[in-house]
Amino acid sequence: MRKATASSAVPDWELRLVGLIVVTLVAFGIVAVYGASSIWAVQSDEPGTLFARRQIGGALVGIVVLLVATRIDYHVWQRNAWLILGSVVLVLIIPLLPFTESISAERNGARRWVGVAPLVLQPSEFAKFAVVVWTAMLAAKKGTGIRSFKRGVLPFIVILVPVSLLILLEPDLSTASLTILLAAIVLFTAGARIGHFLVVALVALPFAWQWVASEHYRLQRMMSFLSPGEDLAEASWQINQSLIGFGSGRLFGLGFGQGLQKLGYLPYAYSDFIFSTIGEEWGFVGVTLIVLLYAVFIIVGLRIARAARDSFGMLLATGLTALIGLTALLHMAVTISLVPATGLSLPFVSYGRSNLLVSLFAVGVLINIGSHSARRRARS
């Protein structure tokens with residue numbers, strides 16, 4: 001793994017650019033959430049600003065968390081990686097226990113949340129950050145030993161499979177899959193062999209298919225993805241309504257608040273399918289600008305990783321960039337039917353305070369990694 005040099009350090013203005021992009025996406029997300037959720041809230045006898053106010057509260061806390069994270073030396077996460085992962089695992093177990101209904105109520109057939117209103121968090125969101133930190137720590141520690149399956153990849157499988165199973169049992173297949181993908185990206189960056197990934201994937205494929213086939217709704221989603229346009233009244237309803245939203249938006253969109261798909265046609269228009277809502281109300285121009293913002297974020301994030309002063313910083317920055325970039329890419333891909341429907345949020349934009357807090361915290365850590373390389377350049 002390449003070590004950074006002073007000349008490769010990320011300049012301060014790029015770190016400020018990351019902050020500007022994030023603040024822009026968060027602000028736009030609040031506006032988009034309000035536009036997509038106000039009618040649904042009113043129909044539920046709630047104030048039209050309900051979801052927007054909740055998102056604003058999460059954003060304010062998240063910005064404070066981001067600023068704090070920028071001031072904490074990122075090596076703190078390296079020293080406490082096992083503690084962080086262990087703590088998250090314990091919290092992941094809470095919703096699965098039969099006597100915790102009072103703090104882990106079931107919603108839409110799933111038990112993914114822990115807490116008492118108004119403080120309710122989704123542990124699986126924090127698991128993504130914990131897995132990235134832990135994987136980066138252990139991969140940096142192993143060094144070139146990561147290229148060995150027995151001493152390199154296997155120990156990660158032993159730990160990550162149980163963590164993913166806890167998320168699956170909630171059930172949350174999309175987050176469990178994303179968590180594994182994030183760990184794989186960190187390991188690949190560290191130098192793990194691609195052949196080892198292929199072997200693990202081939203072994204896991206039958207189990208993954210069995211999990212999908214074990215529930216009718218999962219199988220329906222997969223079949224509707226493989227046969228788009230059929231069974232409009234059931235499995236493929238969401239994705240077809242999403243595509244209708246994009247088509248209706250055309251170049252400049254219908255205008256803020258003027259979208260029709262959120263009027264009972266497109267489920268979760270303010271969260272899982274908010275990118276489709278943006279496409280309908282802001283058009284191709286709005287969608288393109290959002291994509292460009294994420295693209296610039298990813299580019300700068302990878303530059304921060306390249307300039308990191310040590311292996312852990314490089315791997316952690318890569319994983320955190322993927323945590324934001326890959327999630328955004330998958331969310332967008334779902335809304336235009338490039339991958340099967342999942343429940344992934346659009347970072348900084350979709351409604352969801354747990355995802356917003358984790359995303360902003362990850363950005364704070366990423367900026368801290370970049371600031372270390374910048375200070376190193378200044379000293380040089």
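Residues numbered from 1 in each chain as written. Predicted model: local features only at pLDDT ≥ 70, side-chain atom pairs only at ≥ 80, totals over all residues. Heavy atoms only, no water.

Participant: How do you make sense of the packing of helix 5 (residues 123-142) against helix 12 (residues 311-335) when you look at a structure like this?
Facilitator: Angle between the axes and distance between the axes: these two values describe a pair of packed helices. It is the contact of helix 5 with helix 12, at a shortest axis distance of 8 Å, that shows an interaxial angle of 150°. Our classification of the angle between helix 5 and helix 12 gives roughly antiparallel. Like other packed secondary-structure pairs, helix 5 and helix 12 cross with a definite hand, here right-handed. Note on element contacts: helix 12 touches helix 5 through Ser311, Phe312, Leu315, Leu316, Gly319, Leu320, Leu323 and Thr327, opposite Lys128, Phe129, Val132, Val133, Ala136, Met137, Ala139 and Ala140. Split by residue class, the contact of helix 5 with helix 12 holds 12 nonpolar, 3 polar and 1 charged. (Axes fitted to C-alpha atoms, helices over the stretch in contact; angles between N-to-C directions. Helix = DSSP H or I, 4+ residues; strand = E, 2+ residues; numbered from the N terminus. Parallel < 35°, antiparallel > 145°, perpendicular 65-115°, else oblique. Left-handed = near helix turned anticlockwise from the far one by under 90°. Contact = heavy atoms within 4.5 Å. Nonpolar A, V, L, I, M, F, W, Y, C, P; charged D, E, K, R; others polar.)

Participant: Which parts of the structure should I look at to understand the nonpolar core?
Facilitator: As a rule of thumb, soluble globular proteins bury nonpolar side chains together. Residues Val22, Tyr294, Leu316, Leu346, Phe348 and Val365 are the most contacted members of the largest nonpolar core, which totals 98 residues. Examining the composition of this core, we find that 13 residues originate from one element, helix 12, more than from any other. (Core = buried A, V, L, I, M, F, W, Y, C linked by side-chain atoms within 4.5 Å. Buried < 20%, exposed > 50% of the residue type's maximum accessible area, 1.4 Å probe, protein only.)

Participant: Can you walk me through the side chain of aspartate 172 in this structure?
Facilitator: As for its placement among the helices and strands, aspartate 172 is situated in the loop between helix 6 (149-168) and helix 7 (173-190). Overall, aspartate 172 belongs to the buried group, its relative accessible area being 4%. Within the local environment of aspartate 172, its side chain forms a polar contact with the side chain of serine 174, the two groups lying 3.1 Å apart. Residues within four places of aspartate 172 in sequence aside, it is in contact with Arg112, Gln122, Ser124 and Ile167. (Polar contact = N/O pair within 3.5 Å; in protein donor to acceptor, adjacent residues only side chain to side chain.)

Participant: Please explain the packing of helix 5 against helix 6 as it appears in this structure.
Facilitator: With their axes 11 Å apart at the nearest point, helix 5 and helix 6 run at an angle of 170° to one another. As far as their axial angle goes, helix 6 and helix 5 are roughly antiparallel. Residue-level contacts link Ser124, Ala127, Val131, Trp134, Thr135, Leu138, Ala139 and Lys142 of helix 5 to Arg151, Gly152, Pro155, Phe156, Ile159, Leu160, Val163 and Ile167 of helix 6. Residues of the contact of helix 5 with helix 6, tallied by class, amount to 11 nonpolar, 3 polar and 2 charged.

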